[in-house]
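As a plain string of letters, each chain reads:
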Amino acid sequence: MSVKISMLNQDLVDFVRSIYKTDSFIPLHEPRFIGNEKKYLNECIDSTFVSSVGKFVDIFEDGIAKYTGAKYAIATGSGTSALHISLLIEGVENGHEVITQPLTFVATCNAIRYCGAQPIFVDVDIDTMGMSPIALENFLKKNTTVKKQQCVNKLTGKIIKACIPMHTFGNPCRVKEIKAICDKYHVSLIEDAAESLGSIYKDKHMSTYGVMGVMSFNGNKIITSGGGGCIVTDDEILAKKAKHLTTTAKVPHKWAFNHDQVGYNYRMPNINAALLVAQMEQLDFFLEKKHVLFNLYQDFFKSSKYNLVKEIVGAKSNHWLNALVLDDLEKRNSFLEATNKAGIMTRPIWTLMSKLPMFIDCQKGDLKNAEWLEDRVVNIPSSVVI
Ligand SMILES: *Cc1c(COP(=O)(O)O)cnc(C)c1O
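Below you will find a few notes about this structure. Remember, predicted model here, so these are calculated numbers, not experimental data. (Residues numbered from 1 in each chain as written. Predicted model: local features only at pLDDT ≥ 70, side-chain atom pairs only at ≥ 80, totals over all residues. Heavy atoms only, no water.)

All right, on to the state of the cysteines then. Inspection of the entire model under this criterion finds zero disulfides. Left without a disulfide partner, Cys362 is nearest to the cysteine sulfur of Cys109, which lies 7.5 Å away. Using a relative accessible area of 7% as the deciding quantity, one classes Cys362 as buried. (Disulfide = S-S within 2.5 Å. Buried < 20%, exposed > 50% of the residue type's maximum accessible area, 1.4 Å probe, protein only.)

This is the structure in structure tokens:
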């Protein structure tokens, strides 16, 4: 059965093809290796230090800390492991609860579960697609009491230990306002900044509002180490704990193997860090190109009825993935059919976490904005154009 491409969808297909200058398949997001990647990888192989020891991990950690303005950064094997460790060292344990948003990638909620904790879902704002401070405050006001500097859920009697907002597609959420609410209710703020390296809200980098922030360098992110992540923090004790726990909790010694707790093998191998250091050198270039692409899309969509997602006042997005809000579910589905059939990769935003079988029984607030966005938001090709 052939899918009829509406005029508007055909215009978009032609426009995307004119940007990427190709008649073949156009992916949603592909990495660009146009700097020192091969040089550093070769250096890494020649040195034989491809694994858990080597200079590129240190160079990267210093680089990302300087870039974001944080005091410390700890490289990890993935964004998911960075989330897991940040929750553990903030004291999230079996029986605790952690507030997050239903509109996120599954890793956010998986990491909460790895600690034996339960996610609670509060709604997002329509404009940022990230956690709504109003929804958060309403939930906490209605459902919790603060006892001995701990936030207790009146329904379950459990402690709500942390809150993880996420900056969707690099678009900053109202994290400064969220931080003020978390402080008031004695809930630790941990930012899932997996998608938002280079994004800024009210003069601070994403990942630096929380007690810790987490990033991902998976192959589809704005810069990549193949697979990797990091934890960013200003707290020296947490930084030390993170390093310790991600490196099998080994007590430093010339030769002895001593470990003082159950640790994790969550470190970033030096060979991945070699790739990442080269990518980091190009971050400003990528950000500039992403901004140019966003502006091209903005001009294109100005004269159409498509609604391109823009950052809110006070926020600067890294424009990792461009997103459109379509009229309804039916329009969204025909858009996805038509564009993918024409060889332009597009995809819907995630199914809400609150609907997945593992999280369906979790407590939640009113999720009407998240549900509305779930039916309407799609991503369009956003690779850096060179
Ligand atoms: C990519 C991503 C992660 C997980 O990162 P990995 O490196 O793939 O483990 C976590 N949260 C969000 C929102 C992400 O987009």
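Moving on to the site of the ligand. For the ligand, the set of nearby residues contains 16 residues, the closest of which are Gly79, Thr80, Glu195, Ser216 and Lys221. Glu195 is positioned such that a nitrogen or oxygen atom in its side chain is 2.5 Å from an oxygen atom of the ligand. Contact with the protein chains removes 91% of the 380 Å² of surface that the ligand exposes when unbound. Looking at the shell around the ligand, the elements with two or more residues in it are helix H4 (79-89) and helix H5 (106-114). Considering each element in turn, the shell around the ligand owes the most residues, three residues, to H4. (Near = heavy atom within 4 Å. Polar contact = N/O pair within 3.5 Å; in protein donor to acceptor, adjacent residues only side chain to side chain. Areas by Shrake-Rupley, 256 points an atom, 1.4 Å probe, with all protein chains shown as cover. Helix = DSSP H or I, 4+ residues; strand = E, 2+ residues; numbered from the N terminus.)

Non-glycine residue Lys21 carries a positive phi angle of around 50°. As for its placement among the helices and strands, Lys21 is situated in the loop between helix H1 (7-20) and helix H2 (37-47). The exposure class of Lys21 is exposed, given its relative accessible area of 70%. The phi dihedral of Lys148 is positive, around 45°, even though this residue is not glycine.

With that out of the way, let us pick up the nonpolar core. Looking at soluble globular proteins, one finds that nonpolar side chains tend to be buried together. Counting residues in each nonpolar core, the largest one holds 76 residues, and the members touching the most others are Phe60, Ile64, Ile99, Leu136, Phe169 and Phe217. Residues from two domains meet in this core; each of domain 1 (7-30 + 283-351 + 376-380) and domain 2 (37-281) gives at least three. Residue contacts for Leu136: discarding those within four places in its chain leaves Ile99, Val122, Met131, Cys163, Ile178, Ile181 and Cys182. (Core = buried A, V, L, I, M, F, W, Y, C linked by side-chain atoms within 4.5 Å. Domains from an automatic or database assignment. Contact = heavy atoms within 4.5 Å.)

Two faces make up the sheet, and in a regular strand the side chains alternate between them. Direction of pairing for strand E4 (residues 144-147) relative to strand E5 (residues 150-153): antiparallel, over a ladder of four bridges. Its bridge partner lying in E5, Thr145 is registered against Val152. Adjacent in sequence and paired antiparallel, E4 and E5 are bridged by two residues, among which Lys148 carries a positive phi angle near 45°. (Pairing = 2+ DSSP bridges.)

Turning our attention to the side chain of Glu61. Looking at where Glu61 falls in the secondary structure, it is placed in helix H3 (residues 55-68). Judged by relative accessible area, Glu61 falls into the buried class, the value being 10%. Apart from the residues within four sequence positions on either side, Glu61 is in contact with Ala73, Ile74, Ala75 and Lys243.

The buried fraction of H4 is high, at nine of 11 residues. One or two positions beyond H4, positive phi appears at Gly91, with a value near 95°.

Take helix H9 (residues 270-281) next. Look at H9: 17 Å from first C-alpha to last across 12 residues, which is about the 16 Å you get at 1.5 Å a residue. Burial analysis of H9 places 10 of its 12 residues in the buried class, the great majority of the element. Buried residues of H9: Asn270, Asn272, Ala273, Ala274, Leu275, Leu276, Val277, Ala278, Gln279 and Met280, and no others. (Expected span 1.5 Å × (residues − 1).)

Moving on, we get to the side chain of Ser132. Within the secondary structure, Ser132 sits in the loop between strand E3 (118-121) and helix H6 (133-143). Residue classification places Ser132 among the buried positions, given a relative accessible area of 5%. Side-chain polar atoms of Ser132 contact the backbone nitrogen of Ala135, separated by 3.0 Å. The residues contacting Ser132, other than those within four sequence positions of it, are Asp123, Val124 and Asp125.

What follows is about the pattern of salt bridges. Taken as a whole and judged by the stated rule, the model has 13 salt bridges. Across the salt bridge formed by Glu30 and Arg32, the nearest N and O atoms sit 3.0 Å from each other. Judged by its relative accessible area of 14%, Arg32 falls in the buried class. The network of salt bridges with shared partners includes Asp125, Asp127 and Arg174. (Salt bridge = Lys/Arg side-chain N within 4 Å of Asp/Glu carboxyl O.)

In short, the description is geometric, and any link to function would need to be established separately.
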